Amino acid sequence: MFNAEKFIETTVADLKKTLQGKTLIAFSGGVDSTVCAALVNKAIGKQLIAIHVDTGYMRKDESAFVVKTMKAMGLNYRFVDASEEYYRALSDVEDPEKKRKIIGEKFIHIFERVAKEEHVTYLVQGTIAPDWIESGGALRDTIKSHHNVGGLPEIMHLTLVEPLRDLYKDEVRKVARILNVPVAERQPFPGPGLAIRIIGAATKERTEIVREACDIVEKEIEAAVEQKLMEMPWQYFAVLIPIKTVGVHGDKRAYGYTIAVRSVQSIDAMTAAYSDIPHEVLDRISRKITNTMGAKVNRIVYDITNKPPGTVEWE
Amino acid sequence: MKIYVVDNGGQWTHREWRTLRDLEIETKIVPNTTPFTELKKDHIDGLVLSGGAPRIGLDSPLGNCAEYLEKAAFPILGICAGHQFMARFYGGEVKPSIVPEFGKTDLTIIKEDRLFAGVPHQSIVWESHNDEVTRLPSGFTHLAESETCKIQAMRHQQKPFYGLQFHPEVEHTEYGEQIFRNFIAVCQK
């Protein structure tokens, strides 16, 4: 079995040897990057600079939460709000692979800018096994380009270090629990964020809609888990499908988007089964979304696809 | 106990590595271009031929996998493309599936074998294939089937070589870990 204590010990020792200078870490606030930051912090302390970018595609109040976490961990940190820049770059991009590439490149450009200002030599990323496996390579087909791998521009002027490369999420969580990291049980959230939970162009208007819908799905499912109505899913969220359908709202015709509810069980995201959400919970989610979002959304569907043939995220 | 995983480019190669590691086997992922002499130098007790990039089970050479099958005295477990290659190597036939299988599938064991010790007659396995073995090579025994794919498992009658169309390495295959334990037991001999 995977031995988390031993992993921490050897990784911190290795990082001490490898990182001979200032180091930047891409800090999304998820389990992987937070664990990475904690490890590097143990190894080199204040030589580490954590950077968090608000792409505009973060979940509700997420960036504020991330800044709070970085502070609580005593990290040297920088916060960059690049949301308007991201919305502009993606306003008419429909192809999911292009979206991921643009988002990845922008991340790197921002990191490089900060790296220059701070005279940094190394970039640490919380890449884990499924990220590089699905991103393809010499033999492997590209399922999707994970922003922290496939989106990297060819020439990066920083040395990349990925301490969690051979780990799966459940193992990262074990490490997180031992390190006492506050986000050990958070559900995974993709680097490109809500941009890939909007099918088609990820405009600001659609982002606001899916952000609200995601928040509702999360809160309702967490409440249902608390009430023991269902098992905690591996991942649970909303997807905006840019198909408008007709509804009737108070004797008035409505014409709004469709929201898909996605929730799956898995231990490592390499395979996944759709969650068995009780009907009463689905019903609550459906009513809450349609009642809060007015004419913008008037149809809710539930995704009952396993992985394979589907993937967890839609893009 | 040392069992290596030959990487043919599958999505789940790393899962095979992980399952073996979790069962406390000394393991490593090696490229399929590794010469047989190098594997021999490491004194391995068994080998897993991973699944592959799309469609390579159909007609590609799969690196040095032929050399491994030709020369190995240790047990070999071929998975998906690895299984299809094994069938082709011994004169069987691989063709595009009429019904490709992705995800959850019911497996039926039709002939008992130590590889399936402790696995019920019917169980759930996960699949991911566009091609399949359509004719069993001579000298092999047919071990398991699903509704839409006949040759889900086979074994060589003289050598400890096995082929599986489904994926025992993924979490959602009900008895996947048991199958790996059984393969390890085969390697222990």
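The rules behind the values
Residues numbered from 1 in each chain as written. Chains lettered and ligands numbered in written order. Predicted model: local features only at pLDDT ≥ 70, side-chain atom pairs only at ≥ 80, totals over all residues. Contact = placed C-beta atoms within 7 Å. Helix = DSSP H or I, 4+ residues; strand = E, 2+ residues; numbered from the N terminus. Nonpolar A, V, L, I, M, F, W, Y, C, P; charged D, E, K, R; others polar. Core = buried A, V, L, I, M, F, W, Y, C linked by C-beta atoms within 7 Å. Buried ≥ 20, exposed ≤ 12 C-beta atoms within 10 Å, placed from the backbone. Domains from an automatic or database assignment.

Quick word on the interface of chain A and chain B
Right, so step 1: Listed as interface residues are 19 residues of chain A and, on the opposing side, 19 residues of chain B.
Right, so step 2: In terms of residue count, helix α6 (residues 129-134) of chain A provides more of the side of chain A that touches chain B than any other element does, three residues in total.
Right, so step 3: Looking at the side of chain A that touches chain B residue by residue, the classes come out as 12 nonpolar, three polar and four charged.

Some points on the nonpolar core
Right, so step 1: In this structure, Ile25, Val35, Val40, Ala213, Val217 and Ala238 of chain A are the most contacted members of the largest nonpolar core, which totals 72 residues.
Right, so step 2: For this core, the element with the highest residue contribution is helix α2 (residues 31-44) of chain A, accounting for nine residues.
Right, so step 3: The residues that make up this core include at least three from each of domain 1 (4-179) and domain 2 (198-302) of chain A.
Right, so step 4: When residues no more than four places from it in sequence are discounted, the contact partners of Ala213 of chain A are Ala238, Ile259, Ile289 and Val297 of chain A.
Right, so step 5: Listed in part, the 58 residues of the second largest apolar core include Ala87, Trp126, Ile151 and Phe161 of chain B.

As for the domain arrangement of chain A
Residues and elements named next belong to chain A.
Right, so step 1: Along its sequence, chain A is organised into domain 1 (4-179) and domain 2 (198-302).
Right, so step 2: A straight line from the C-alpha centre of domain 1 to that of domain 2 covers 28 Å.
Right, so step 3: Contacts between the two partners involve 15 residues from domain 1 and, on the opposite side, 13 residues from domain 2.
Right, so step 4: Within the residue set of the side of domain 1 that touches domain 2, elements represented by two or more residues are α4 (83-90) and α7 (169-179).
Right, so step 5: Grouping the amino acids of the side of domain 1 that touches domain 2 by side-chain chemistry returns six nonpolar, two polar and seven charged.

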